[in-house]
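# Structural overview
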Amino acid sequence: QVQLVESGGGLVQAGGSLRLSCAASGLTFSSYAMGWFRQAPGKEREFVATISRSSVRIAYADAVKGRFTISRDNAKNTLYLRMNSLRPEDTAVYYCAADPGGVVLTTSSRYWGQGTQVTVSS
């Protein structure tokens, strides 16, 4: 049974930071590319960041580049997203995703977590 469980969301002021975690189980974590997506109210789910199996390839959406950092700890089966300089426009439910491909760039990923809410106040 594959599970991806996000945590670390919450309410922060603009300019603040959060670190999201995604704990994976039921899969060989190191064999999956991982990604973060987000969905704001009334909007479609959008790509945030992705990281390859060995962390060699990393990519970010333009909206978060320079502010967010994706990383993974294969020994702990955990994916992270460090979010700095948060803006109100970053408010969304953040989802982690896993896929056996090289990177996770689309919403067609094989596995998804249930999401964690991030709210950034102005």
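Residues numbered from 1 in each chain as written. Predicted model: local features only at pLDDT ≥ 70, side-chain atom pairs only at ≥ 80, totals over all residues. Heavy atoms only, no water.

In this structure the tally under the stated criterion is one disulfide. Through a disulfide, Cys22 is tied to Cys96; the S-S separation comes to 2.0 Å. The sign of the S-S torsion, about 45°, decides the handedness of the disulfide formed by Cys22 and Cys96: right-handed. Highlighted residues: Cys22 in strand 3 (residues 18-25) and Cys96 in strand 9 (residues 92-99), separated in sequence by 74 residues. Of the residues examined, Cys96 reaches a relative accessible area of 0% and is grouped as buried. (Disulfide = S-S within 2.5 Å. Helix = DSSP H or I, 4+ residues; strand = E, 2+ residues; numbered from the N terminus. Buried < 20%, exposed > 50% of the residue type's maximum accessible area, 1.4 Å probe, protein only.)

With respect to the helices and strands, the residue Asp90 is situated in the loop between strand 8 (78-83) and strand 9. Classification of Asp90 by relative accessible area gives buried; the value is 0%. A distance of 2.9 Å separates a polar atom in the side chain of Asp90 from a polar atom in the side chain of Arg38. At 2.8 Å, the side chain of Asp90 and the backbone nitrogen of Arg87 are in polar contact. If we skip the residues at most four places from it in the chain, Asp90 touches Arg38, Arg67, Phe68, Ser85, Val118 and Val120. (Polar contact = N/O pair within 3.5 Å; in protein donor to acceptor, adjacent residues only side chain to side chain. Contact = heavy atoms within 4.5 Å.)

Let us now look at the sheet that holds strand 8. Strand order in this open sheet of four strands is 1-3-8-7, and the pairing throughout is antiparallel. Of all strands in the sheet, those bounded by a partner on one side alone are strand 1 (3-7) and strand 7 (68-73). For this sheet, the mean inter-axis angle between neighbouring strands, taken without regard to orientation, is 15°. (Pairing = 2+ DSSP bridges. Axes fitted to C-alpha atoms, helices over the stretch in contact; angles between N-to-C directions.)

Turning our attention to the nonpolar core. By size, the foremost hydrophobic cluster in this structure holds 34 residues, and its most contacted members are Met34, Trp36, Leu79, Leu81, Met83 and Tyr94. For this core, the secondary structure elements donating two or more residues are strand 3, strand 4 (33-39), strand 5 (46-51), strand 7, strand 8, strand 9 and strand 11 (116-121). Here the element with the most residues in this core is strand 9; it accounts for five residues. (Core = buried A, V, L, I, M, F, W, Y, C linked by side-chain atoms within 4.5 Å.)

Its identity as a non-glycine residue notwithstanding, Asn77 has a phi of 55°, on the positive side. Inspection of the secondary structure assignment puts Asn77 in the loop between strand 7 and strand 8. Residue Asn77 is classed as partly exposed on the basis of its relative accessible area of 28%. Even without glycine at this site, Ser85 takes up a positive phi of about 50°. Its location among the elements puts Ser85 in the loop between strand 8 and strand 9.

In this section: the packing of aromatic side chains. Tallied over the full model, the rule gives three aromatic pairs. Taking the centre distance of 6.0 Å and the plane angle of 55° together, the rings of Tyr32 and Tyr111 count as tilted. One end of the pair, Tyr32, is in the loop between strand 3 and strand 4; the other, Tyr111, is in strand 10 (residues 111-112), and 79 residues separate them in sequence. Each member of the aromatic cluster is reached from another via a ring pair, and the members are Phe37, Phe47 and Trp112. (Phe/Tyr/Trp six-rings, centres within 6.5 Å; stacked < 30°, edge-to-face > 60°.)

To continue, consider the environment of Arg45. Turning to its location among the elements, Arg45 is positioned in the loop between strand 4 and strand 5. Using a relative accessible area of 27% as the deciding quantity, one classes Arg45 as partly exposed. Note: C-alpha distance between Arg45 and Val118 (73 residues apart in sequence) is 14 Å. Setting aside its immediate chain neighbours within four residues, Arg45 contacts Phe37, Arg38, Gln39, Tyr95, Thr107 and Trp112.

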